[in-house]
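What follows is the residue order along each chain.
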Amino acid sequence: MHKIALIIQREYLTRVRKRSFLLTTFLVPLFFIGMYVGIIFLTKKSFDETHAVVYIIDQEGTIAPKLKSTKNITYIHSNKALQEQLSTLKDEEASNTSILVVPKDFLSSPNVEFLAANKPNVTTQNEIKSNLSDIIRDFKYQKLGINIDSLHNIDTTVAINAKEVTADGETKDSNTEIAMGIALALSILVYISLFLYGSQVMRGIIEEKSNRIIEVIISSVKPFQLMMGKIIGIGLVGLTQFVLWIVLSFMLAGVASTFFVSKAELGEQVIGSKMMESNGEQIAQSGSSLNGISPEAWAMIQSVNFTEIIVCFFIFFLGGYLIYSALFAAVGSAVDSETEASQFTMPITMPLLLTYALSFGVLMNDPHGTVATWLSFIPFTSPIAMLVRIPFGVPLWQIVVSALLLIAGFIFTTWVAARIYRVGILMYGKKPSYKELLKWFRYKS
């Protein structure tokens, strides 16, 4: 154990002191927070810049007063002739200025002309079409003798207050959209992380093997001790990075939300623009908000058990890392270059790739189904499958059983990998095959 601890210390300190570790540790949170702030800023700027000014030439005579300006379009009733308005259109500084020509027979033949100096904006056209369609509909209702005001007063909006019934019979707030977003983020994060840190183990072994450093190290420690030291040392580097990423992300998110993004915009990003629009009047009337964040957004955030997600993330990331890094270590010991390693890395990562692909559809659409449940019990697929299911609520016994099976899977894969590692680490100049690896596995100590 003392020798393994020394190897762990050596691997950990060697990698932590590298400039690449410091750069990735501090730049990754900055990149994601900057990307998030940039998306909100550019989205808001895009909406501001695409605000359209539409001059209405109403030949029908009753349409222009019915077209009300919105946050995206400003309607201006023009009394000028069409040719005169066209001449002024070219002189307009704003690129989003256009002319809407409503013909005399519009109510009987609903066709209009939309003239713009540049290519007409599709979003603007669709909104104008929607506004004109409402006018046509109201006209036809009125023609049939239907009271338009009564129809407009009919509210058909249905609000679903999703609740989750616990095993104790109690109810708690539940939000599927938030769960799907977290599940998607976790699947991507675990998939990339397992490949990143697993390949670091493999590259480290190949590098030491090609430089013949491994021969000096093997003279003082056993191959198994060396392999475990490398796996655990690099794993601790990964955990250190994740802890720093979480701390830095929360700190930078607080700074970004304070100085760059208003809390109202942050709440809109959390619950979606459609929900903000549909519930905007109710929120304004109630006047209840928490530091600028709407009650709906705050309720969604509170419905997520972040403690469970973070704890389970570290458990399943560490278990998945130990399994796949042991396999990557066996591959690294068997080959002399990363080019030769490609024929072995693809088969061992196929279960991970398959689960990652299924997480976008099968697992998130039916997180409690048979496929999702079985995938969360198989050690090679559970690091992604279980983390995708956890935001949707998983029984504690399933999490415990999955974690225990993951530990058992690690012990088994480590035993297999160690038997290949002890032979392959001193093999040079021979391109191995699967048959050769099987022969190494069967060698007696």
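Residues numbered from 1 in each chain as written. Predicted model: local features only at pLDDT ≥ 70, side-chain atom pairs only at ≥ 80, totals over all residues. Heavy atoms only, no water.

Per an unreviewed UniProt entry, the chain goes by ABC transporter permease and derives from Sphingobacterium tabacisoli. In its Subcellular location (unreviewed entry) section, UniProt records this for the chain: "Membrane". (UniProt positions renumbered as here; feature names shortened; annotations may be inferred.)

Just checking my understanding: could you explain the overall build of the chain for this structure?
On a plain count of helices and strands, the chain comes out with 17 helices and six strands. Within the span of the chain, comprising 445 residues, buried residues form 39% of the whole. The long-range fraction of contacts in the chain, counting pairs at least 24 apart against all pairs at least 6 apart in sequence, stands at 70%. A total of about 25,500 Å² of accessible surface is found on the chain, and carbon and sulfur atoms cover 63% of it. (Helix = DSSP H or I, 4+ residues; strand = E, 2+ residues; numbered from the N terminus. Buried < 20%, exposed > 50% of the residue type's maximum accessible area, 1.4 Å probe, protein only. Contact = heavy atoms within 4.5 Å. Areas by Shrake-Rupley, 256 points an atom, 1.4 Å probe, with all protein chains shown as cover.)

Looking at this model, I keep getting lost on the UniProt feature "transmembrane region" (unreviewed entry) in the chain. Mind explaining?
Per the UniProt annotation, the sites labelled "transmembrane region" (unreviewed entry) are residues 21–42, 178–197, 217–236, 242–261, 309–332, 344–364, 371–390 and 396–421. The distance separating the terminal C-alpha atoms of residues 178–197 is 28 Å; by composition the span is 100% helix and 0% strand.

Would you mind going over the packing of aromatic side chains with me for this structure?
Describing an aromatic ring pair means giving the distance of the ring centres and the angle of the ring planes. For the structure on display, the rule yields twelve aromatic pairs. Arranged with centres 4.2 Å apart and planes meeting at 10°, the rings of Y191 and Y356 form a pair that is stacked. Of the two residues, Y191 sits in helix α6 (residues 176–210) while Y356 sits in helix α13 (residues 338–365), which places them 165 residues apart along the sequence. Residue classification places Y191 among the buried residues on the basis of a relative accessible area of 16%. Ring plane angle 85° and centroid distance 5.1 Å describe the contact between Y356 and F360, whose orientation is recorded as edge-to-face. Placement of the pair is Y356 and F360 together in helix α13, with a separation of four residues, close to one helical turn. By relative accessible area, which is 19% here, Y356 ends up buried. Aromatic rings pair up to connect Y191, F195, F328, Y356 and F360 into one cluster. Over the aromatic face of F441 sits the side chain of R419, whose NZ or CZ is 5.2 Å from the ring centroid. (Phe/Tyr/Trp six-rings, centres within 6.5 Å; stacked < 30°, edge-to-face > 60°. Lys NZ or Arg CZ within 6 Å of the ring centre and 35° of its normal.)

Whenever I open this one, the pattern of salt bridges confuses me. Can you help?
Side chains bearing opposite charge may pair, as long as their charged atoms lie close to each other. This structure, assessed with the given rule, holds two salt bridges. Of the charged contacts in the structure, one is a salt bridge between D134 and R137, with a shortest N-O distance of 3.5 Å. Highlighted residues: D134 and R137, both in helix α4 (residues 122–143), separated by three residues, approximately one helical turn. As a salt-bridge pair, R137 and D138 come within 3.6 Å of each other at their nearest N and O atoms. For R137, a relative accessible area of 35% corresponds to the partly exposed category. Sharing partners across several salt bridges, the network here consists of D134, R137 and D138. (Salt bridge = Lys/Arg side-chain N within 4 Å of Asp/Glu carboxyl O.)

Looking at this structure, I do not really get α13. What am I missing?
Over its 28 residues, α13 runs 38 Å from end to end, which matches the ideal 40 Å to within 8%, given 1.5 Å per residue. Along its length, α13 shows its largest kink, about 70°, at S359. Regarding α13, the residues found buried are A341, F344, T345, I348, T349, L352, T355, Y356, S359, L363 and M364. (Expected span 1.5 Å × (residues − 1). Bend = angle between axes of the 7 residues up to and from the residue.)

Is there a simple way to explain the environment of T97 in this structure?
Structurally, the position occupied by T97 is in strand β3 (residues 97–102). Distance in space between the C-alpha atoms of T97 and L115 is 9.1 Å, their sequence separation being 18 residues.

What is the right way to look at the sheet that holds β3 in this model?
Strands belonging to one sheet form pairs held by backbone hydrogen bonds; the direction of such a pair is parallel or antiparallel. Spatially, β2-β1-β3-β4 is the arrangement adopted by the four strands of the open sheet, whose pairing is mixed. At either end of the open sheet lies a strand with only one pairing partner, and these are β2 (73–77) and β4 (113–116). Across the sheet, the axes of successive neighbouring strands diverge by a mean angle of 25°, strand direction being ignored. Looking at chain direction, strand β1 (residues 52–58) and β2 are connected through five bridges and run parallel. Paired with V54 across the two strands is Y75, which belongs to β2. Each of β1, β2, β3 and β4 touches α4; the most contacted strand, β2, lies at about 60° to it. (Pairing = 2+ DSSP bridges. Axes fitted to C-alpha atoms, helices over the stretch in contact; angles between N-to-C directions.)

Help me out: how do you make sense of the packing of helix α15 (residues 382–389) against helix α16 (residues 396–424) in this one?
The relative placement of two packed helices is expressed as an angle between their axes plus a distance between the axes. It is at 11 Å that the axes of α15 and α16 come closest, and there the two elements cross at 165°. In terms of their interaxial angle, α15 and α16 are classed as roughly antiparallel. Helix-helix and strand crossings are classified by hand; for α15 and α16 the assignment is left-handed. Residues S382, P383, M386 and R389 of α15 lie in contact with α16, whose contacting residues are Q398, I399, S402 and L406. Its residues assigned to classes, the contact of α15 with α16 shows four nonpolar, three polar and one charged. (Parallel < 35°, antiparallel > 145°, perpendicular 65-115°, else oblique. Left-handed = near helix turned anticlockwise from the far one by under 90°. Nonpolar A, V, L, I, M, F, W, Y, C, P; charged D, E, K, R; others polar.)

How do you make sense of a nonpolar patch on the surface when you look at a structure like this?
On the surface, L396, V400, L404, I407 and I411 cluster together into a nonpolar patch covering about 510 Å² of accessible area. Look at I407 and you get partly exposed, because its relative accessible area is 48%. (Patch = residues over 30% accessible without salt bridge, like charges linked within 9 Å, V, L, I, M, F, W, Y side chains within 5 Å.)

Honestly, the confidence of the model for the chain in this entry has me stumped. Any pointers?
Should the pLDDT be low somewhere, the predicted coordinates at that spot are not to be read in detail. Here the chain averages 77 in pLDDT, while 82% of its residues score no lower than 70. Mean pLDDT values for the elements of the chain range from 41 in helix α10 (residues 273–286) up to 90 in helix α14 (residues 370–375). Long-range and interchain partners of residues 268–292, a stretch whose pLDDT sits below 50, account for 28 contacts in this model, where long-range means more than four residues apart. (pLDDT = per-residue confidence, 0-100.)

Explain the side chain of S382 here, please?
Structurally, S382 can be placed in helix α15. Since its relative accessible area comes to 0%, S382 is described here as buried. When residues no more than four places from it in sequence are discounted, the contact partners of S382 are F316, L375, S376, F377, L387, S402 and L406.

Explanation requested: the packing of helix α12 (residues 306–334) against α15 in the structure shown.
Interaxial distance between α12 and α15 falls to 9 Å at its minimum, and their mutual angle equals 165°. In terms of their interaxial angle, α12 and α15 are classed as roughly antiparallel. Here the hand of the crossing between α12 and α15 comes out left-handed. Residues C312, F313, F316 and G320 of α12 pack against S382, P383, M386 and L387 of α15. Here the contact of α12 with α15 is composed, by residue class, of six nonpolar, two polar and no charged.

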